[in-house]
Amino acid sequence: MCTKQYNLCYLDHAGATLYSEKQLANIFTDLSNNIYSNPHSHSSEFTKDAVDIVRYKVLSFVKTSPDQYSVIFTSGATHALKLIGETFEFNGGTLAYLEDNHTSVLGMRKFASNFRELKVEEAFNVLSNPADSNSELRNGKNGLFVYPAQSNFAGTKYPLSWIKTVKCEALNHLFATPENWYTLLDAACFASTNQLDLHQYQPDFISISFYKIFGYPTGLGALLVKRSSENALTKTYFGGGTVLMALSAQNVMIPKPIIYEQFEDGTISFLSISSLRHGFDILQTLNLTPDLISLHTFNVAKYTFANLMEMHHSNGTAVAELYHDTKFESVKTQGSIINFNLKRPNGNYVGYSEVKFATVLHFANLNGVHLRTGCFCNPGACQKYLKLDPDKVQNQFEAGHVCGDQHDLVDGSPTGSVRISFGYMSTFEDADKFLQMIETCFVSHSNFQSLTIDRTIDASLNGTRNRLEITGKLVNIYVYPVKSCAPLAVKGSWKLTHIGLEYDRRWMIVNSSGACVSQKKIGKLCTLKPILDFSRKMLKLKINDSEISMPLEPEENASSNANFCNSKVCGDKVQGFDCGNEVAEWLSANLGEFGLRLLRQCDFTAHTSGRHSTQGEQTLMSLANKAEYLVINMRTAQWLRERIPQDDLLCLTLESILLRFRANFVVDFTEPFVENDLAILLFNDVAFKFTGHCRRCQMICIDQETGEKSKEPLRTLSKELNGQMRFGIYLSRNDSLGQYYIETGSSVK
């Protein structure tokens, strides 16, 4: 996968590595030249042989053989872990697990009557001194110890020597009754950039994930089972292809004798499995061994870690708080993962996400750096490194934070962190691009603090402002017929409808997958100018000298003839009419993106509904993101412009800044930030109510006339508002049923 053509610095290899273009080409050639049939069919010897050859390649990759281990193909590492949880014969024994483990390991507790978490320090103490095996003391209980070969949170490599120590019953002194111990090694993170040697270290069970190694295919992993440990597993459910015989009238069945035949229920993903061969071939073609990959990725990560650790603000405060047990002294103890949070000069944390303190992800996207944020499905490690005790976790949950959301700070404390990780195709150039982004966007080089007005909403101030009459003037009205495209400046008056300004965001462009595209993906969208021709009842789209027209309103029989399409806007399901092949081809040709299509939102009638919430309720709104109307105060925009560094100010006129914020209404309130305190706004006699603040992202860094990207004004906005990048307010109508018009020059109060 060539990231340079997309100007992308990909740093999420622990999440999923990138696939090779040659790899995909070889897979396509293979599928084009061969017929792979269902392996349960009698004519499928070719497919069966191809699958078995891949099993051999998997075992060879981890330095073992079929007489030592069996390969059970699964839908992923999680499925492999679940299989062990469902089938392991605990017999009253204990599930013990390291605190630094994937969520899927915690889910295994549901299958064990007893479980015990081992803190990292405790595990090192207990498993450093193996006990003497004493089979006479065993009482038939089976214990299972689960730990990762490498932490997916901080990249710590845990000793594989623990496997033998556990087998020697070192854990027994933690429990009143001795148990017969087995080890399940989660190698999903480890195997992607390290040599898993099952000749030297022999856990009973191993889970792996192939997209972390090869990038493609996804949805495919494996459970490796040591042949001598198969008797510890008992499978209850049986599916198609797993039995020698089964009776319909009686609960009788005879399972197939080979363990992978028993455990692979139904038809395996044989096309995906066969494609793994080309992943192995790519590594061989490039002469890349796991040891070489491990050394290369470690060195790139070590370089990045050292430079990040050395970064300080001008007042001496460290830029990054790093979450690691090592300082990258050795490839034997540390993998190619760096985990951190950023801090401001005053010591406050920088939020990683898009909701409250929107900075790290936005600047990363703006600079073409692909990274990951959150807790990475590892609650134990997250709570360990961020020092989150159970009470803090519960408080964060009660404050609205849940796993996988973007609620990044609660009471100033992080709920997660930022992770970067490297793969075999990563370069030092990638590391430098990441470090340059941190240096440019987050390091303060001056102790000078500008004197600014208070920009937070203070309850004591609200009461004063609400008693005073705040007045202003409606300077501009903008309508955006096609979502994320150029605006139409209104001269005079414009009709208000029950879903917003008439024709505002009624059309949107979607990609070949049906997902809405924005300027974040295609910057040139801002140069696409919609023109409403009311005399001809047509919508005209124009880019440079090229243009195309289509009916402004759907035809009367559109509901019966048109191609209905579903898409999403801010989590809501939206339904629209496909505007046809002609405009689709025109968009793709002029925007340089394959597979684009234009959708017109359905009207809200008795038979059609253009938008539904995630709960299935009808949402009376156009294709706008959060609310029907967005207001920007001209004085607040001017305040922001005055704080942008002089070197970046040349092309940022006040008009340019206002266009970047893509407001429906631009109001001159004579003072900055007063709009944040208003609950009701009257435009002449038309009443609107405040519904929320607009939280800004990297969209405001796109020049709305050229489509070019810059780092301003997002960088200054983040700095001046301490990451709370709320700029502009959302409004909705108090009376959405009446027929009203709004006019430029109207008084606002």
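Calculation rules
Residues numbered from 1 in each chain as written. Predicted model: local features only at pLDDT ≥ 70, side-chain atom pairs only at ≥ 80, totals over all residues. Heavy atoms only, no water. Helix = DSSP H or I, 4+ residues; strand = E, 2+ residues; numbered from the N terminus. Rg over C-alpha atoms; globule rule 2.2 N^0.38 Å. Buried < 20%, exposed > 50% of the residue type's maximum accessible area, 1.4 Å probe, protein only. Contact = heavy atoms within 4.5 Å. Areas by Shrake-Rupley, 256 points an atom, 1.4 Å probe, with all protein chains shown as cover. Lys, Arg positive; Asp, Glu negative; His and termini not counted. Charge placed at Lys NZ, Arg CZ, Asp CG, Glu CD. Phe/Tyr/Trp six-rings, centres within 6.5 Å; stacked < 30°, edge-to-face > 60°. Disulfide = S-S within 2.5 Å. Expected span 1.5 Å × (residues − 1). Core = buried A, V, L, I, M, F, W, Y, C linked by side-chain atoms within 4.5 Å. Domains from an automatic or database assignment. Pairing = 2+ DSSP bridges. Axes fitted to C-alpha atoms, helices over the stretch in contact; angles between N-to-C directions. Salt bridge = Lys/Arg side-chain N within 4 Å of Asp/Glu carboxyl O. pLDDT = per-residue confidence, 0-100.

S.K.: I keep staring at the overall build of the protein and nothing clicks. Help me out?
M.R.: For the protein, the helix and strand inventory stands at 20 helices and 36 strands. Against the 2.2 N^0.38 benchmark of 27 Å for 749 residues, the protein shows a C-alpha radius of gyration of 30 Å, consistent with a compact globule. Across its three principal directions, the C-alpha atoms of the protein cover 90 × 65 × 50 Å. Counting across all 749 residues of the protein, residues that qualify as buried make up 52%. The contacts of the protein with a sequence gap of at least 6 include a subset with a gap of at least 24, amounting to 70%. With the model as given, the accessible surface of the protein reaches about 33800 Å², and the carbon-plus-sulfur share is 50%. Taking the average location of the 72 positive side-chain charges in the protein and that of its 77 negative ones, the two points are 2 Å from each other.

S.K.: Explain the packing of aromatic side chains to me, please; I cannot follow it from the model alone.
M.R.: For any pair of aromatic rings, geometry is given as the distance between the ring centres together with the angle between the planes. Enumeration according to the criterion identifies 31 aromatic pairs in this entry. Note on Phe-61 and Phe-214: the rings are 6.5 Å apart at their centroids and 50° apart in plane angle, and the pair reads as tilted. Of this pair, Phe-61 sits in helix α2 (residues 45-61) while Phe-214 sits in helix α7 (residues 211-214), and the two are 153 residues apart along the sequence. By the burial criterion, Phe-61 is buried, and Phe-214 matches it.

S.K.: Got a minute to help me understand the state of the cysteines in this structure?
M.R.: Covalent bonding between the sulfur atoms of two cysteines is what defines a disulfide. All chains considered together, the criterion is met by one disulfide. We note that Cys-189 lacks a disulfide partner, and the nearest cysteine sulfur, in Cys-377, lies 12 Å from it. With a relative accessible area of 8%, Cys-189 lands in the buried category. Just so you know, Cys-701 is unpaired, no disulfide at all, and the nearest cysteine sulfur is the one on Cys-441, 8.7 Å from it.

S.K.: For this particular structure, what's the right way to read helix α10 (residues 290-310)?
M.R.: Residue pairs spaced three or four apart in an α-helix point in one direction, given the helix's 3.6 residues per turn. Between its terminal C-alpha atoms α10 stretches 30 Å, which fits the 30 Å expected from 21 residues at 1.5 Å a residue. Looking only at α10, the buried set comprises Pro-290, Ile-293, Ser-294, Thr-297, Phe-298, Val-300, Ala-301, Thr-304, Phe-305 and Leu-308. Among the structural elements, α2, α9 (270-285), β11 (320-322), β12 (337-342), β17 (417-421) and α14 (428-442) are those in contact with the buried residues of α10.

S.K.: Whenever I open this one, the nonpolar core confuses me. Can you help?
M.R.: Nonpolar side chains in soluble globular proteins tend to be buried together. Core analysis: the largest hydrophobic core is formed by 60 residues, its most contacted members being Leu-308, Ile-338, Phe-340, Leu-342, Phe-434 and Ile-438. Top element by residues in this core is α14. It accounts for seven residues. Each of domain 2 (291-442) and domain 4 (629-748) contributes no fewer than three residues to this core. Other than its neighbours up to four places away in sequence, Leu-308 contacts Ala-320, Leu-322, Ile-338, Phe-340, Phe-434, Leu-435 and Ile-438. By size, the runner-up hydrophobic cluster in this structure holds 53 residues, among which are Ala-50, Leu-185, Ala-187 and Ile-282.

S.K.: Help me understand the sheet that holds β12, please; the structure alone is not making it clear to me.
M.R.: Strand pairs in the sheet, formed through backbone hydrogen bonds, run parallel or antiparallel to each other. Ordered in space as β11-β12-β17-β14, the four strands form an open sheet in which the pairing is antiparallel. Among the strands making up the open sheet, the edge pair consists of β11 and β14 (372-374). Averaged over all pairs of adjacent strands, the angle between strand axes in this sheet comes to 35°, irrespective of strand direction. The sheet contact formed by β14 and β17 spans three bridges and is antiparallel. Bridging across to β17, Thr-373 finds its partner in Val-418.

S.K.: What exactly am I supposed to notice about the sheet that holds strand β25 (residues 546-551) here?
M.R.: Across the sheet, which stays open at both edges, the three strands sit in the order β23-β24-β25 with antiparallel pairing between neighbours. Pairing within the sheet leaves two strands with one partner each, and these edge strands are β23 (529-533) and β25. Averaged over neighbouring strand pairs, the angle between their axes works out to 20° when direction is ignored. Relative to strand β24 (residues 538-543), β23 is paired through five bridges, and the arrangement is antiparallel. Among the inter-strand pairings, Ile-531 is bridged to a residue of β24, identified as Lys-540.

S.K.: When you look at the environment of His-13 in this model, what are you seeing that I'm missing?
M.R.: On the secondary structure map, His-13 appears in the loop between β1 (9-10) and α1 (21-33). According to the relative accessible area criterion, His-13 is buried, its value standing at 3%. Along the primary structure His-13 and Leu-371 are separated by 358 residues, whereas in three dimensions their C-alpha atoms are 9.0 Å apart. Here His-13 is in contact with Leu-18, Lys-212, Ser-421, Phe-422, Gly-423, Met-425 and Ser-426, once residues within four sequence places are set aside.

S.K.: Where do I start with the pattern of salt bridges in this structure?
M.R.: Side-chain pairs of opposite charge can arise where the charged atoms are in close proximity. Scanning the model with the defined rule gives 27 salt bridges in all. Two residues, Asp-578 and Arg-597, come together in a salt bridge whose shortest N-O distance is 2.6 Å. Of the two residues, Asp-578 is situated in strand β27 (residues 572-578) and Arg-597 in strand β28 (residues 597-601); the sequence distance between them amounts to 19 residues. Residue classification places Asp-578 among the buried residues on the basis of a relative accessible area of 14%. Looking at Arg-597, the relative accessible area reads 25%, which means it is partly exposed. With its nearest N and O atoms 3.5 Å apart, the salt bridge here joins Arg-600 to Asp-603. Given the relative accessible area of 28%, Asp-603 is considered partly exposed. When salt bridges with common partners are traced through the structure, they connect Asp-30, Lys-57, Arg-277 and Asp-281 into a single cluster.

S.K.: When you look at unusual backbone geometry in this model, what are you seeing that I'm missing?
M.R.: Comment: phi is negative for the bulk of residues other than glycine, and the bulk of peptide bonds are trans. With an omega of 0°, the peptide bond between Tyr-216 and Pro-217 qualifies as cis. At the junction of Glu-712 and Pro-713, the peptide bond is cis and its omega measures out at 5° in the coordinates. Turning to its location among the elements, Pro-713 is positioned in the loop between β33 (686-695) and α20 (714-720). For Lys-63, which is not glycine, the phi torsion reads 60° and is therefore positive. By the secondary structure assignment, Lys-63 is in the loop between α2 and β2 (69-74). Among the residues examined, Lys-63 registers a relative accessible area of 40% and is labelled partly exposed.

S.K.: Honestly, the confidence of the model for the protein in this entry has me stumped. Any pointers?
M.R.: Should pLDDT be low for a region, the predicted coordinates there are not to be read in detail. Residues at a pLDDT of 70 or more form 92% of the protein, whose mean pLDDT is 89. With pLDDT under 50 throughout, residues 354-358 is counted as low confidence; its partners more than four residues away or in other chains account for 25 contacts.

S.K.: For this particular structure, what's the right way to read the environment of Val-674?
M.R.: In this fold, Val-674 is placed in the loop between β31 (665-668) and β32 (680-683). Between the C-alpha atoms of Val-674 and Phe-428, which are 246 residues apart in sequence, the distance is 47 Å.

S.K.: What should I look at first to understand the pairing of strand β30 (residues 629-633) in this one?
M.R.: Every other side chain in a regular strand lies on the same face of the sheet, so the side chains alternate between the two faces. When you tally the buried positions in β30, you get five out of five residues, the bulk of the element. Where burial is concerned, the two faces of β30 agree: the one with Tyr-629, Val-631 and Asn-633 and the one with Leu-630 and Ile-632 are both buried. As judged from the three bridges shared by β30 and strand β34 (residues 726-733), these two strands associate in the antiparallel manner. By the bridge assignment, Tyr-629 is partnered in β34 with Leu-731.

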